[in-house]
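# Analysis of the macromolecular model
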Amino acid sequence: AKTLQDANRLVAMIKADSKLSAAIENWTQLSIEQQIPHLRKVFALECRSMGIAEPKLVIDNHSYPGKMVYFDFDLSHYAVKDSTAISAVGTVYLNPDKLAQQDKFASLAFLIHETRHSYQYQLSQQQQIEVSQIAVLSSGYQAAFTAQKNLKGLGFSDFLTLLNEYEAFQYGNYVLGKLTHWQVDMLNMGTFASQFDNQGQLKLDLIALSQQSVNSSKA
């Protein structure tokens, strides 16, 4: 519920900018160079919509050789205990040359996705949170980022089902779906549990599935 609430807030802010909305409507006609200024604007709006400090945004072809997109972060900040302060925000990286070889919407989809990771990362550093739902998310994101750095041999599906990846893909896919009238279907953006059909419904609703399982076991 919070994922979709946050996503709807960003969609509303993007739609309020007529020039940005027009650019997204015409996204497939834009070169990656033409897309970059609009990507920076979406980045700023997304950070503002989530109420976070802006992470460093790097858009070049050499800062992280071999990577198309990346969210860079440091686990050492988890060593600070009993703090509500945010000590790190991470780095969002996009490689224009590699993105230019992908689906036209890949640049926008991954920008939204990777920036969402900074929200998760900043939330995961807050040790004193009274609201139980947010506290659970904070703990879960910290565990996911820790696993991502420390575990070896993760398969592709293992990676996609880490909490931070599952949620960021769902958030980004929902935003992109709303902006494109659910006409863009990118199968590499997470698992079916993070993807939406052309009616705006999850392809695989894990919450509904788990409830069915509980009801079946009771029966």
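Below: a short report on this structure. Here the structure is a predicted model, which means the values were calculated and not measured. (Residues numbered from 1 in each chain as written. Predicted model: local features only at pLDDT ≥ 70, side-chain atom pairs only at ≥ 80, totals over all residues. Heavy atoms only, no water.)

### Brief notes about the side chain of Gln 125
Position of Gln 125 among the secondary structure elements: in the loop between α5 (106-124) and α6 (132-150). Relative accessible area serves as the criterion here: at 2%, Gln 125 is assigned to the buried category. In this structure the side chain of Gln 125 is engaged in a polar contact, spanning 2.8 Å, whose partner is the backbone oxygen of Ala 88. A distance of 3.2 Å separates a polar side-chain atom of Gln 125 from the backbone oxygen of Tyr 121. (Helix = DSSP H or I, 4+ residues; strand = E, 2+ residues; numbered from the N terminus. Buried < 20%, exposed > 50% of the residue type's maximum accessible area, 1.4 Å probe, protein only. Polar contact = N/O pair within 3.5 Å; in protein donor to acceptor, adjacent residues only side chain to side chain.)

### Observations regarding helix α8 (residues 163-179)
In this model, α8 (17 residues) spans 24 Å end to end at C-alpha, consistent with the 24 Å of a helix rising 1.5 Å per residue. Counting buried residues along α8, 14 of its 17 residues qualify, which places the element largely inside the surrounding structure. One or two positions beyond α8, positive phi appears at His 181, with a value near 60°. (Expected span 1.5 Å × (residues − 1).)

### Side note on the pattern of salt bridges
If you walk through the whole model with that rule in mind, you get 7 salt bridges. Here Arg 9 and Asp 6 are joined by a salt bridge, their closest N and O atoms 3.2 Å apart. Here the residue Arg 9 and the residue Asp 6 both occupy positions in helix α1 (residues 2-15), the gap between them amounting to 3 residues, near one helical turn. A relative accessible area of 2% means that Asp 6 is categorised as buried. (Salt bridge = Lys/Arg side-chain N within 4 Å of Asp/Glu carboxyl O.)

### Side note on the packing of α5 against α8
It is at 8 Å that the axes of α5 and α8 come closest, and there the two elements cross at 135°. As far as their axial angle goes, α8 and α5 are oblique. The element α5 and its partner α8 pack so that their crossing is right-handed. Listed contacts from α8 to Leu 108, Ala 109, Ile 112, His 113, Arg 116, His 117 and Gln 120 of α5 are Asn 164, Glu 165, Glu 167, Ala 168, Phe 169, Tyr 171, Gly 172, Val 175 and Leu 176. Looking at the contact of α5 with α8 residue by residue, the class counts come to 8 nonpolar, 5 polar and 3 charged. (Axes fitted to C-alpha atoms, helices over the stretch in contact; angles between N-to-C directions. Parallel < 35°, antiparallel > 145°, perpendicular 65-115°, else oblique. Left-handed = near helix turned anticlockwise from the far one by under 90°. Contact = heavy atoms within 4.5 Å. Nonpolar A, V, L, I, M, F, W, Y, C, P; charged D, E, K, R; others polar.)

### Brief notes about the nonpolar core
The biggest cluster of nonpolar side chains holds 54 residues, and the ones touching the most others in it are Leu 108 and Leu 111. It is α5 that provides the largest number of residues to this core, a total of 9 residues. For Leu 108, the residues in contact, after removing those within four places along its chain, are Ile 24, Trp 27, Leu 39, Val 42 and Leu 176. (Core = buried A, V, L, I, M, F, W, Y, C linked by side-chain atoms within 4.5 Å.)

### What to know about a nonpolar patch on the surface
A grouping of Leu 187, Phe 192, Leu 204, Leu 206 and Leu 209 is seen on the molecular surface, where their side chains present a nonpolar patch of about 460 Å² in accessible area. Mapping Leu 206 onto the fold places it in helix α9 (residues 206-218). (Patch = residues over 30% accessible without salt bridge, like charges linked within 9 Å, V, L, I, M, F, W, Y side chains within 5 Å. Areas by Shrake-Rupley, 256 points an atom, 1.4 Å probe, with all protein chains shown as cover.)

### What about the environment of Leu 209?
Relative to the helices and strands, Leu 209 is located in helix α9. Sequence-wise, Leu 209 and Leu 111 are 98 residues apart; in three dimensions their C-alpha atoms are separated by 30 Å.

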